Amino acid sequence: MQEREMYLFLCSIYRISQEEIDILKAQFGKLEVLMYLDEKEILKNKNLNSKLLKNIVKYRSHSRIENIKGVLEEKDIQYVCFSDDDYPESLKHIQMPPPILFYKGDISILDHRNNIAVIGSRAPTNYGLYCVRKYAKELSDIGMDIVSGLALGIDSEAHLACINGRFGKTVAVLGSPIDNILPSRNRKIADKILENGGIIVSEFFLGSKVHPLNFSFRNRIISGLSVAVLVIEAAQKSGTKRTFDYAGDQGKTVFAMTGRINDPKSRGCIDMIIEGAIPFTSVENIFRDKSVFLNAKEFCTLNNCKDSIEYDIKSLNYEKKEILELIKRQGNIKIDDICNYTGMDIKTINSNVNELLIDDYIIEMENKTYGFNV
């Protein structure tokens with residue numbers, strides 16, 4: 001019997017923490033000995049909950065473990081334990097790390113250094129929907145992986161926008177067991193996440209009851225897996241605020257989208273900004289934050305990240321280089337200003353600007369203003 005099989009057993013009989021597992025290991029050397037140790041030796045431990053110890057004695061059996069493994073295989077569910085090599089390094093250092101994670105999909109995504117959480121209201125405004133669809137897709141287009149909770153509203157839209165992007169994968173952290181995806185109407189989105197190479201993950205044991213607090217508790221995993229957190233919309237009394245608190249405890253940067261002060265769906269974000277979150281105005285301002293920038297520059301390339309990180313324009317002609325360098329220096333700029341700064345004729349500028357637009361190096365905004373496609 002392996003230690004990871006004992007994790008399965010222990011998590012199936014009790015809502016056990018990694019701290020409690022560490023106490024068991026310190027007391028008995030190896031978890032495996034619990035399967036045959038005299039019950040008096042187990043029950044006399046004064047450092048652990050008596051219910052846990054009684055359940056170990058009551059339910060320990062090899063057949064129980066084999067039955068659990070059979071269910072996992074039948075449902076095509078994988079699991080990873082705290083002691084496994086492929087357990088996400090980012091979660092080992094958070095408060096109350098989950099001792100076990102059940103998952104479907106590509107587990108390597110959990111340790112990507114380009115994961116960013118995108119979360120928010122379950123009942124967003126039209127403005128919130130517009131923003132999450134726009135910015136989550138832009139983050140995916142430059143190679144960021146979106147982490148969210150598969151809840152209704154902003155979470156679901158963040159997953160879908162990431163799937164519609166060019167490069168990003170998406171991670172859904174559930175507040176229910178992985179064999180009971182909730183809300184049930186989002187199960188089709190879960191299928192799309194897996195089809196796109198993403199992952200669905202849960203710390204809750206198969207078939208366990210779903211408590212309302214699960215959805216708040218899982219938020220520490222959402223922030224724990226992410227280099228930063230982006231809050232699109234949140235009311236004052238919102239579960240999203242819990243993620244903000246977890247992120248703060250974990251030393252993660254939080255960006256909150258600004259909104260109208262009289263809009264109830266913006267009050268939570270405004271409060272977060274007052275408490276230290278960075279106001280979010282564009283994808284570009286995420287990369288101005290040093291903690292995100294140092295991670296992002298390792299994966300961004302010419303093909304999926306323009307001025308956001310390290311801009312490489314060696315393959316372009318002289319005119320295009322001049323235009324891009326000008327935008328880099330001046331920021332968003334109009335055609336007339338490009339003429340004035342470069343001295344090129346309008347026909348040459350229009351031709352090169354159109355080609356840069358087609359190749360997705362730049363985007364056109366209002367009033368014929370151009371900027372980097374970040």
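See the structure printed just above.
Residues numbered from 1 in each chain as written. Predicted model: local features only at pLDDT ≥ 70, side-chain atom pairs only at ≥ 80, totals over all residues. Heavy atoms only, no water.

**Student:** Could you give me a rundown of helix H17 (residues 346-358), with the residues and numbers involved?
**Tutor:** The end-to-end C-alpha distance of H17 is 18 Å, a good match for the 18 Å that 13 residues give at a rise of 1.5 Å each. Within H17 the residues assigned to the buried category are Ile349, Asn352, Val353 and Leu356. Each buried residue of H17 lies within a common arc of 105 degrees when the element is viewed along its axis, so the set occupies one face. Across H17 from its buried face, at more than 90 degrees, point the exposed residues Lys347 and Ile358. Buried residues along H17 sit in contact with helix H15 (318-330), helix H16 (335-342), strand S11 (362-364) and strand S12 (369-372). Of the residues flanking the start of H17, the one acting as N-cap is Asp345, its side-chain oxygen 3.1 Å from the backbone nitrogen of Lys347. (Helix = DSSP H or I, 4+ residues; strand = E, 2+ residues; numbered from the N terminus. Expected span 1.5 Å × (residues − 1). Buried < 20%, exposed > 50% of the residue type's maximum accessible area, 1.4 Å probe, protein only. Arc of directions from axis to C-beta. Contact = heavy atoms within 4.5 Å. Polar contact = N/O pair within 3.5 Å; in protein donor to acceptor, adjacent residues only side chain to side chain.)

**Student:** Could you give an account of unusual backbone geometry, naming the residues involved and the relevant values?
**Tutor:** Trans is the common state for peptide bonds, and a negative phi is the common state for residues other than glycine. Going from Leu182 to Pro183, the amide bond is cis rather than trans, its omega being -5 degrees. Among the structural elements, Pro183 can be located in the loop between strand S5 (170-173) and helix H8 (187-195). In this structure, Asp76 is a non-glycine residue whose phi angle is positive, near 55 degrees. As for its placement among the helices and strands, Asp76 is situated in the loop between helix H5 (62-74) and strand S1 (78-81).

Shape descriptors only; they carry no functional weight alone.
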